[in-house]
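Topology and contacts: notes
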Amino acid sequence: MIYNIGSVWKIISVFQFVLPFLVMECIQRAGEVVPVMKTFYICGVSYCGLSIVHAFLTGAKHIGLIGTYLVGNKFNISYLFILVLILYIYLCTIKEFPSIGVIVHFVIAAAVAAYTECSTALVGLAIIAALFLFREKTASILKKFRVMMLVLVISATILLIFSNVIYWAPIRYIIEEVLHEDMTLSGRMTGFEGVFPAILYRPIWGSGFQNNYVMSMIFTGGMADLQNGLADILLSFGVVGVLILLGILYMSLKKADKVQSNAFIMMAYMYIVLSAAEITLNLKFFVVVALTAFAWDKNLNIDNFEIIDTDKQCTGDDNL
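Residues numbered from 1 in each chain as written. Predicted model: local features only at pLDDT ≥ 70, side-chain atom pairs only at ≥ 80, totals over all residues. Heavy atoms only, no water.

So, the nonpolar core
Membership of the largest hydrophobic core comes to 71 residues, with the highest contact counts inside it found for Met-37, Tyr-90, Phe-264, Met-270 and Phe-285. At 14 residues, helix α3 (residues 74-93) tops the list of elements feeding residues into this core. Residues contacting Phe-285, with those up to four places away along its chain left out, are Leu-245, Leu-249, Ala-268, Tyr-271, Ile-272 and Thr-280. (Core = buried A, V, L, I, M, F, W, Y, C linked by side-chain atoms within 4.5 Å. Buried < 20%, exposed > 50% of the residue type's maximum accessible area, 1.4 Å probe, protein only. Helix = DSSP H or I, 4+ residues; strand = E, 2+ residues; numbered from the N terminus. Contact = heavy atoms within 4.5 Å.)

Examining the confidence of the model for the protein
Of the residues in the protein, 85% reach a pLDDT of 70 or more, and the chain-wide mean stands at 84. At the level of individual helices and strands, the protein shows its lowest average pLDDT in helix α9 (residues 188-191), which scores 75, and its highest in helix α13 (residues 262-274), which scores 96. A low-confidence stretch, residues 309-320 (pLDDT under 50), is modelled with 16 contacts involving residues beyond four sequence positions or located in other chains. (pLDDT = per-residue confidence, 0-100.)

Describing the packing of aromatic side chains
Tallying each qualifying case throughout the model produces 8 aromatic pairs. Centre to centre, the rings of Tyr-79 and Tyr-271 are 5.6 Å apart; their planes meet at 75°, and the pair counts as edge-to-face. In this pair, Tyr-79 is assigned in helix α3 and Tyr-271 in helix α13, connecting sequence segments 192 residues apart. Judged by relative accessible area, which is 2%, Tyr-271 ranks as buried. Between Tyr-90 and Phe-264, the aromatic rings sit 5.4 Å apart at their centres with planes inclined by 35°, giving tilted as the arrangement. Residue Tyr-90 is located in helix α3, and its partner Phe-264 is located in helix α13; the two are separated by 174 residues in the primary sequence. For Tyr-90, a relative accessible area of 0% corresponds to the buried category. A connected cluster of aromatic rings, assembled from ring pairs, spans Phe-17, Tyr-79, Tyr-271, Phe-285 and Phe-286. Here Arg-135 stacks its cationic end above the ring of Phe-132, 4.0 Å away from the centre of that ring. (Phe/Tyr/Trp six-rings, centres within 6.5 Å; stacked < 30°, edge-to-face > 60°. Lys NZ or Arg CZ within 6 Å of the ring centre and 35° of its normal.)

Focus on helix α2 (residues 33-58)
The first and last C-alpha atoms of α2 sit 37 Å apart over 26 residues, in line with the 38 Å expected at 1.5 Å per residue. Of all the residues in α2, the buried ones are Val-33, Val-34, Val-36, Met-37, Lys-38, Tyr-41, Gly-44, Cys-48, Ser-51 and Ala-55. (Expected span 1.5 Å × (residues − 1).)

Observations regarding the environment of Ile-89
Examined against the element boundaries, Ile-89 turns out to sit in helix α3. For the pair Ile-89 and Phe-264, spaced 175 residues apart in the sequence, the C-alpha separation amounts to 9.1 Å. For Ile-89, the residues in contact, after removing those within four places along its chain, are Val-102, Phe-132, Ala-263 and Met-266.

Things to note about helix α6 (residues 135-142)
Every buried residue belonging to α6 is among Arg-135, Thr-138, Ala-139 and Leu-142, and all of these are buried. Take α6 and look down its axis: the buried residues cluster within an arc of 125°, on one side only. Opposite the buried face of α6, at more than 90 degrees from it, the exposed residues are Glu-136 and Lys-137. (Arc of directions from axis to C-beta.)

Thoughts on unusual backbone geometry
The backbone of Glu-117 shows a phi angle near 60°, a positive value even though the residue is not glycine. If you trace the backbone, Glu-117 turns up in the loop between α4 (100-115) and α5 (119-133). One non-glycine residue, Gln-227, lies in positive phi territory at about 55°. Looking at the element boundaries, Gln-227 is found in the loop between α11 (212-220) and α12 (229-255).

Topic: empty space enclosed by the protein
Tallied over the full model, the rule gives 1 cavity of 30 Å³ or more. Approximately 50 Å³ is the volume attributed to the largest cavity. Around the largest cavity sit Met-148, Leu-249, Ser-252, Leu-253, Ala-268, Val-289 and Thr-292, which together line it. Taken together, the elements giving at least two residues each to the lining of the largest cavity come down to α12 and α14 (283-294). The element that contributes the greatest number of residues to the lining of the largest cavity is α12, accounting for 3 residues. For the lining of the largest cavity, the class distribution of residues is 5 nonpolar, 2 polar and no charged. (1 Å grid on protein atoms, 1.4 Å probe; cavity = no way out; pocket = protein on both sides within 12 Å on 5 of 7 lines; lining within 4 Å. Points joined across faces, edges and corners; volume = space filled by probe spheres on them. Nonpolar A, V, L, I, M, F, W, Y, C, P; charged D, E, K, R; others polar.)

Okay, here's the thing in structure tokens:
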């Protein structure tokens, strides 16, 4: 059964995706991007620290997906650590923090993902590492809309149409021996059989954000969602929603700065690739896209990726 909700709640549902863009544009217009990014970073580090302590005290790892990490589950806590890593890379890019910290943040984020057994976060960190190491060569390429759209299409279809790819020996080894997952990807491959019937039920406008859970359960035989980012948007908002998404991505990449926005562009690509098997094109993704578009300072003339050495210290007005 499809349920309808009032106009007020529909507006709220849409506004939560628009709000990050409004906030970041106001911050950029006020010329306060760097102080705000530092504040985000400090808040992120503080919350990550509290989450680690809380997880050990409560034994959150042993409670499963409902484990209490202060942010809900293993996915949220792992992605929060990755966001802190990305914020640090951004601050390195604008010559605020030393480069050695990138390695420290990466190791900590990987340790948290491993401890919480969040295999998708480990894959995400591998993507971030590769893009970071080759950022000078890939920055211009990643900023192109057609490249992002190509990656989005491949990620959305590869496990739905070319599902046998996971049985290729190298990929199978990574799934079973490195990530310690089964070949059904925790039941995803079976549930994927219901993805196309679900999105074709109401293809233009979708079944509604509020009906996503029910529709997923019906068509996949018990999965709480479609486990595919683009398919999830099609289910909720239809083709219209996907076109709006593409429009937002196009405008955000066009507005982004090649160097200062690169860290956030890397995380956006990470979410897109992970959307092949997770619902990552959600509010967290839109926040990163908003950061891509507006989290750069027009007054900073940074045209390369050379970052400061470990002897650099933040002094004077650099501190909050």
